[in-house]
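Geometric and topological summary
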Amino acid sequence: MGTLCLACENVAFSYENQIVVSDLDFSVEEGDYLCIIGANGTGKSTLMKGMLGLKKPAAGKIVLGEHIRPGQIGYVPQQTPAQRDFPALVGEVVLSGCLSKGMGRGSRKEKKRLAQEKLELLGIAQLWAKSFRELSGGQRQRVLLARALCAAQRLILLDEPTTGLDAEAAEEFYHLLLHLNREHNITVVMVSHALREAFAHADHILCLSHNGYFFGRTEEYLESEEGRHFYGRCRT
């Protein structure tokens, strides 16, 4: 067994006083790439909020690994109109990800070094002084990914991060995530409707449904009846 990053132990979540997820029991280990899929209304975004500590479970508990502290989980959200018009420079956006790392006063230089390092890792160091609102959709998501990497070195959560991106930008983003996972051992947990990419890249699948859930390795899911159905949909 590997090093634990996060676990849900018999977790249930409610939304508007109705249970949307129940008896959820799974764990994410360091280096995993987990994709959360399922139909609308099955609780994917609610679960994401719970893992981020923004929503309390109605039952059960969410446990973080010993090396993962609350507030130090990187997060990449969906793109929204308000986000696209955010009036800040790229460097300022990425630096905001350093706020949760507990760096003391007088550490602006250290924060800037970390932020520049993450932009360099993602191939967008040249955007440091650019306006965030003037970037393309793909560039904005890379900037938000750099921000997430500043907040957490080991675990990042993403909620449908390619929403609104064109096919080329989305494909580049997925390949970048795979590189971070495989080459830098960054644990990835992502909610996605992009089934083709989920099955191609993720090593674990969590499929939520109104009748329960599946959790296991991707190849196991694809061998199941439900998995064959989903895989058929993504190939059409």
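Residues numbered from 1 in each chain as written. Predicted model: local features only at pLDDT ≥ 70, side-chain atom pairs only at ≥ 80, totals over all residues. Heavy atoms only, no water.

**Regarding the layout of surface pockets**
What counts is decided by this rule: A cavity, in this analysis, means grid points on a 1 Å lattice covering only the protein atoms where a 1.4 Å probe fits yet has no way out; a pocket is instead an open set bounded by protein on both sides within 12 Å along at least five of seven lines, and a residue lines either one if it has an atom within 4 Å of a point. Grid points are joined across faces, edges and corners, and a volume is the space filled by probe spheres set on the points. Counting from the N terminus, the helices are the DSSP runs of H or I reaching at least four residues and the strands are the DSSP runs of E reaching at least two.
For the largest pocket, the calculated volume is near 330 Å³. Together, 17 residues line the largest pocket, and Tyr-75, Ser-96, Gly-97, Arg-147 and Ala-151 are the ones closest to its centre. Listed by contribution, the elements that provide at least two residues to the lining of the largest pocket are strand 5 (74-76) and helix 5 (137-151). The greatest single-element share of the lining of the largest pocket, amounting to three residues, is contributed by helix 5.

**Observations concerning the pattern of salt bridges**
Put simply, the rule reads: Take a side-chain nitrogen of Lys or Arg and a carboxyl oxygen of Asp or Glu: if they are within 4 Å of each other, that pair is a salt bridge. Categorising residues by exposure relies on relative accessible area from a 1.4 Å probe, with only protein chains included: less than 20% of the type maximum marks a residue as buried, more than 50% marks it as exposed, and the intermediate range marks it as partly exposed.
Going through the model one piece at a time under the given rule, you end up with five salt bridges. The salt bridge partner of Lys-118 is Glu-117, with a shortest N-O separation of 3.5 Å. On the accessibility criterion, Glu-117 (38% relative accessible area) is partly exposed. Three or more residues are tied together by salt bridges with common partners; here these are Arg-113, Glu-117 and Lys-118.

**Points about helix 6 (residues 167-184)**
Where we set the bar: Multiply 1.5 Å by the residue count of a helix minus one, and that product is the helix's expected span. Pairs of residues are marked as contacts when any of their non-hydrogen atoms sit within 4.5 Å.
Its 18 residues place the ends of helix 6 25 Å apart at the C-alpha level, agreeing with the 26 Å of an ideal helix rising 1.5 Å per residue. Every buried residue belonging to helix 6 is among Ala-169, Ala-170, Phe-173, Tyr-174, Leu-176, Leu-177, Leu-178, Leu-180 and Asn-181, and all of these are buried. Contacts from the buried residues of helix 6 go to strand 3 (33-38), helix 4 (108-121), helix 5, strand 6 (155-159), strand 7 (187-191) and helix 7 (195-201).

**Section: the sheet that holds strand 7**
What counts is decided by this rule: Note on pairing: two strands pair once DSSP finds at least 2 bridges between them. Helix axes are fitted to C-alpha atoms over the stretch in contact, other axes to C-alpha atoms as well, and angles between N-to-C directions run from 0 to 180 degrees.
A sheet is described by the order of its strands in space; here six strands give the open sequence 5-6-7-3-8-9, paired in mixed fashion. Unpaired on one side and paired on the other, strand 5 and strand 9 (212-217) mark the two borders of the sheet. Going from strand to strand, the sheet's axes swing by 15 degrees on average, the running direction of each strand aside. The sheet contact formed by strand 3 and strand 7 spans four bridges and is parallel. Pairing of Tyr-33 across the sheet is with Val-188, part of strand 7.

**Some details on helix 5**
Look at helix 5: 21 Å from first C-alpha to last across 15 residues, which is about the 21 Å you get at 1.5 Å a residue. For helix 5, a buried count of 13 out of 15 residues is recorded, marking the element as mostly surrounded by other parts of the structure.

**Focus: the packing of aromatic side chains**
Where we set the bar: Ring pairs are drawn from Phe, Tyr and Trp, using the six-membered ring of Trp, whenever the two centres fall within 6.5 Å, and their geometry is named by plane angle: stacked under 30 degrees, edge-to-face over 60, tilted for the rest.
One pass over the structure, following the stated rule, counts three aromatic pairs. Taking 5.9 Å as the distance between ring centres and 35 degrees as the angle between the ring planes, the aromatic pair formed by Phe-199 and Tyr-221 counts as tilted. Placement of Phe-199 in helix 7 and of Tyr-221 in helix 8 (residues 218-223) is noted, with a sequence separation of 22 residues between them. Taken individually, Phe-199 and Tyr-221 each receive the classification buried, so the pair is uniform in this respect. Centre to centre, the rings of Phe-214 and Tyr-221 are 5.0 Å apart; their planes meet at 50 degrees, and the pair counts as tilted. Chaining the aromatic ring pairs together yields one cluster made of Phe-199, Phe-214 and Tyr-221.

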